[in-house]
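# Residue-level structural notes
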Amino acid sequence: MKIICIGLNYLDHISESNNSVPSSPLVFIKPDNALLRNSNPFYYPEFSRDVHYEAELVVRINRVGKHVEKRFASRYYSGVGVGIDFTARDLQQKCREEGLPWEISKGFDHSAPVGKFLKKEDISDINNIKFQLDINGKTVQKGSTLDMIFSIDEIISYVSRFFTLKIGDLIFTGTPAGTGPVNIGDRLCASVNGEVLLDFEIR
Ligand code: MG
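Here the structure is a predicted model, which means the values were calculated and not measured.

Definitions and limits used
- Residues numbered from 1 in each chain as written.
- Predicted model: local features only at pLDDT ≥ 70, side-chain atom pairs only at ≥ 80, totals over all residues.
- Heavy atoms only, no water.
- Donors = N, O, S within 2.8 Å, 3.2 Å for Na, K, Ca; no water.
- Buried < 20%, exposed > 50% of the residue type's maximum accessible area, 1.4 Å probe, protein only.
- Salt bridge = Lys/Arg side-chain N within 4 Å of Asp/Glu carboxyl O.
- Pairing = 2+ DSSP bridges.
- Helix = DSSP H or I, 4+ residues; strand = E, 2+ residues; numbered from the N terminus.
- Core = buried A, V, L, I, M, F, W, Y, C linked by side-chain atoms within 4.5 Å.
- Contact = heavy atoms within 4.5 Å.

## Observations regarding the coordination of the magnesium ion
Within the protein, Glu54 (OE), Glu56 (OE) and Asp85 (OD) serve as the donor atoms for the magnesium ion, at 2.0 to 2.1 Å. Sequence positions of the residues that donate to the magnesium ion give the spacing E-x1-E-x28-D. For the pair Glu54 and Glu56, one class covers both residues: buried.

Listed below in structure tokens is the structure:
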């Protein structure tokens with residue numbers, strides 16, 4: 001399986017990160033070794049001193065798709081969950097300054113914790129799915145699909161032009177404002193529509 005990630009999909013995060021609004025979805029991929037499941041602890045990697053969290057709504061693909069039209073895109077995912085796009089910000093910055101690809105800062109082992117999934121049919125309003133991240137009991141990020149620049153359907157349509165979607169692939173749909181560093185001992189708790197789906201510690 002693969003993990004397809006969208007960057008810069010919320011205006012408030014684009015502002016806080018001093019980026020500009022993309023004209024098409026910004027896409028990158030994390031390898032399958034990035035997955036961290038079952039709310040297992042995340043071990044702070046030795047190669048970074050500035051790992052940041054980015055809470056994101058995640059959809060799980062349930063059928064093979066290539067060149068999916070937007071109007072059919074909602075047929076291609078069945079699960080909605082939440083994940084963290086961990087980013088070694090110091091490594092990413094260094095790669096950027098050198099004009100290099102920044103895969104190592106985004107795709108390292110366990111950089112993509114993913115929680116349980118809700119069934120899409122159990123969600124009342126796909127256009128307003130709310131999610132949030134609490135760290136040590138304090139809410140640090142809140143988002144809704146309402147505020148996405150590119151909708152889930154637009155993302156599925158766009159990425160399937162380049163990458164054949166396969167069953168079990170995950171799409172991280174971008175992070176809203178409020179990203180920041182994590183520290184050893186932190187507890188991250190992420191929910192979708194008020195239901196906690198991911199709850200783990202930084203060790
Ligand atoms: Mg992200």
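What follows picks up the thread again.
## As for the pattern of salt bridges
For the coordinates displayed, the defined rule picks out 10 salt bridges. Residue Glu98 pairs with Lys94 through a salt bridge whose shortest N-O separation is 3.6 Å. The partly exposed category is assigned to Glu98, whose relative accessible area is 46%. What you see here is one network of salt bridges that share partners, running through Lys30, Glu54, Asp85, Arg89 and Lys106.

## Regarding the sheet that holds strand β7 (residues 87-88)
One open sheet holds the three strands; their spatial order is β7-β4-β12, and the pairing between them is antiparallel. Looking along the sheet, the strands with just one partner apiece sit at the ends: β7 and β12 (180-181). With two bridges connecting them, strand β4 (residues 51-53) and β7 associate as antiparallel partners. Residue Val51 lies in a different strand from β7, and its bridge partner there is Ala88.

## Regarding the pairing of strand β8 (residues 112-119)
Most of β8 is tucked away: six of the eight residues are buried. Bridge count between strand β3 (residues 35-36) and β8: two bridges; the pairing is parallel. Residue pairing in the sheet places Leu35 in a bridge with Ala112 of β8. Pairing of strand β6 (residues 77-84) with β8 involves four bridges; the strand directions are antiparallel. Looking at the pairing, Val80 lines up with Leu118 of β8.

## Comments concerning the nonpolar core
Counting 45 residues, the largest nonpolar core has Ile84, Phe86, Ile156, Ile171 and Leu188 as its most contacted members. Put simply, the parts of the chain that give this core at least two residues each are β1 (3-7), β4, β5 (55-61), β6, β9 (130-135), α4 (152-159), β13 (187-192) and β14 (195-201). Sort the elements by how many residues they give to this core and α4 lands first, with five residues. In this structure Ile84 touches Tyr53, Glu54, Ala55, Ser111, Ala112, Pro113, Leu133, Phe172, Leu188, Leu198 and Phe200, once residues within four positions along its chain are discounted.

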